[in-house]
Amino acid sequence: MSHAAQPSASLFINGLPVEGQGAALAVHYPYSGAVIAHLREAAATQVADACAAAACAQPAWAALRPVERGRVLIRAAAIIRERAEELARLETLDTGKPIQETRVADWPSGADALEYFGGLAPTVTGQTIPLGGDFVYTIREALGVCAGIGAWNYPSQIACWKAAPALAMGNAMVFKPSEETPLGALKLAQILTEAGLPPGIFNVVQGRGAVGAALVADPHVAKVSLTGSVATGQKVYAAAAQGMRHVTMELGGKSPLIIFDDAALEDAVGAAILANFYSSGQICSNGTRVYVQRGILTAFLGRLSARLSGVRMGDPLDEATQHGPVVSPAQAERIRAAIARGQAEGARLICGGPGEGAFVPPTVFADATDGMWIAREEIFGPVMTVLGFDDESEVVARANATPYGLAAGVFTRDLARGHRMAAALQAGTTWINAYNLTPVEAPFGGVKLSGIGRENSAAAIEHYSRLKSVYIGMGGVDAPY
Ligand code: NDP
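Residues numbered from 1 in each chain as written. Predicted model: local features only at pLDDT ≥ 70, side-chain atom pairs only at ≥ 80, totals over all residues. Heavy atoms only, no water.

Visitor: Can you walk me through the sheet that holds strand S13 (residues 289-293) in this structure?
Guide: Across a sheet, strands are paired by hydrogen bonds formed along the backbone, either parallel or antiparallel in direction. Taken together, the 7 strands give an open sheet; going across it, the order is S14-S15-S16-S13-S12-S17-S18, and neighbouring strands pair in mixed fashion. Two strands lie at the open edges of the sheet, namely strand S14 (348-351) and strand S18 (429-432), each paired on one side alone. On average, each strand axis in the sheet is inclined to that of its neighbour by 25°, with strand direction left out of account. Bridge analysis of S13 against strand S16 (residues 383-389) gives 5 bridges, and the strand direction is parallel. Within the sheet, the bridge partner assigned to Gln 293 lies in S16 and is Phe 389. Together, strand S12 (256-259), S13 and S16 form the strand contacts of helix H14 (residues 392-400), whose direction differs from that of S16 by roughly 145°. (Pairing = 2+ DSSP bridges. Helix = DSSP H or I, 4+ residues; strand = E, 2+ residues; numbered from the N terminus. Axes fitted to C-alpha atoms, helices over the stretch in contact; angles between N-to-C directions. Contact = heavy atoms within 4.5 Å.)

Visitor: What's the story with the site of the ligand in this structure? I'm lost.
Guide: Contacts to the ligand come from 28 residues, most closely from Gly 150, Ser 229, Thr 232, Leu 251 and Glu 378. At 3.0 Å, a side-chain N or O of Lys 176 approaches an oxygen atom of the ligand. With respect to the ligand, the side chain of Glu 378 contributes an N or O atom lying 2.5 Å from an oxygen atom. Against a free-state accessible area of 900 Å², the protein chains account for coverage of 87% of the ligand. Secondary-structure elements contributing two or more residues to the shell around the ligand are helix H8 (209-217), strand S10 (221-227) and helix H9 (230-242). (Near = heavy atom within 4 Å. Polar contact = N/O pair within 3.5 Å; in protein donor to acceptor, adjacent residues only side chain to side chain. Areas by Shrake-Rupley, 256 points an atom, 1.4 Å probe, with all protein chains shown as cover.)

Visitor: Help me out: how do you make sense of the side chain of Arg 289 in this one?
Guide: Here Arg 289 shows up in strand S13. Buried charge without a partner: Arg 289 forms no salt bridge, and the closest opposite charge is Asp 370, 6.0 Å away. Only 2.9 Å separates the side chain of Arg 289 from the backbone oxygen of Lys 254, close enough to count as a polar contact. For Arg 289, the contacting residues outside a window of four places in its chain are Lys 254, Ser 255, Pro 256, Leu 257, Ala 375, Thr 385, Leu 387, Arg 398, Ala 399 and Thr 402. (Buried < 20%, exposed > 50% of the residue type's maximum accessible area, 1.4 Å probe, protein only. Lys, Arg positive; Asp, Glu negative; His and termini not counted. Salt bridge = Lys/Arg side-chain N within 4 Å of Asp/Glu carboxyl O.)

Visitor: Looking at this structure, how should I read the sheet that holds strand S20 (residues 465-472)?
Guide: Read from one edge of the open sheet, 3 strands run S5-S6-S20, paired in antiparallel fashion. The sheet is open, and its two edges are formed by strand S5 (128-131) and S20, each paired on a single side. Taking each pair of neighbouring strands and ignoring which way they run, the sheet shows an average axis angle of 20°. Judged from the 8 bridges that link them, strand S6 (residues 134-142) and S20 form a sheet pairing that is antiparallel. Bridging across to S20, Arg 140 finds its partner in Leu 467.

Visitor: So what exactly am I meant to see when it comes to the environment of Glu 392 here?
Guide: Residue placement: Glu 392 occurs in helix H14. Along the sequence, Glu 392 and Gln 293 sit 99 residues apart, while their C-alpha atoms lie 9.1 Å from each other. In this view, Glu 392 contacts Phe 260, Arg 417, Arg 420 and Met 421; residues no more than four positions away in its chain are not counted.

Structure below.
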């Protein structure tokens, strides 16, 4: 079967596919390296056109009844579910992630977001604040044009997670996917249009960082939502500050997964596998520092090695494949450098290793210490670092000794301890006896360098709207002179 995935044009502006006028952008299938699409970046004038089209279309969209806006999003969710197989395949070609993942995680989670925020739109109301005669009422207003900028690991999910609350609240969006994975956002634009979205409300521009920077600086843009690395987040946050734009920053992490002696061992091993190797380890919230209490450390490492020895690597389009390539040769090289660094630092490699080509196998370092580079820095690949610990207060202090704070996990059968840990850990999300589950119903986002703002849940509404107060004077005006 052909792997060609050429879209009708590179960009989507004002309801129509438009060819980019910037530099060429070849899209590769990470498994084979084959070029599956030839795109062009947006020229600076096209970024401006997309933002102007969004600004022009947005007031009429915001003026619709919220239930009408919601209906479009819910219809888009239904279309995504009808085309689930075609979309999963496209996501696999774009990212290299196994089809057994993209069938259940990527577009399905995007559809959930469209459905959730479509349903939520009509429930968003203001407050009435009594003042003993006079009163104030509040209106939750759209911000205007929102810029969305995505990472390459969950391209379609990220586009949906940003578009759904933005559009539900009456905003328009201009979205720039990662240059590595540009195809899913174009599909989303097409699907939203089929679902009845007016032209100009969801636009897609392609390009590298400079195109993202142009988008953030466009005078029409009122809000920027970025999913990416901390370094990019710092640049984008600073650029957004120039225009006092609202921001949501979903950035990286080095999250702890803490396994106590009393944990259900097989569940804890399973969670550590999911927390490090799903999507070939390219997940922001991964629990890459696995703290294991010393009483079960040997048993844990034994079961982990045994279970990893059965991993099936191969063509991600093969249903049996469990572990695919990473997104690009450059990313594979960065991960290999991190593995070499772990070995040079004296951590014990017990599984995996550098691999070859685009593949890096599930890799585990034991006997690591907190000061090692591999235990401090985000690798964004399938590399787990296992560290021993003795007691609860020690592990809390060590887990929190990081500038990041995206997520944390705790495995224990002691309920009180689980809740104590959740309270003590500095993280936007803490899972107890679970890991990496991010249902649309729950807020998701980071603390410390891992970001600001929340995606998903009703909390996201606040990040795509602003409050207006309307004061009603019910009596006369008493002026002093
Ligand atoms: P990057 O930070 O490199 O890029 C993120 C996006 O920003 C890309 O679309 C990129 O374009 C764009 N960009 C780069 N420079 C600028 C700029 N100056 N102004 C505006 N936009 C810019 O991240 P990756 O794509 O490499 O993704 C990996 C990172 O994302 C990891 O650190 C990971 O932890 C984080 N991440 C966080 C998530 C979360 O929810 N917290 C979820 C997923 C990933 P281009 O790539 O085309 O250069």
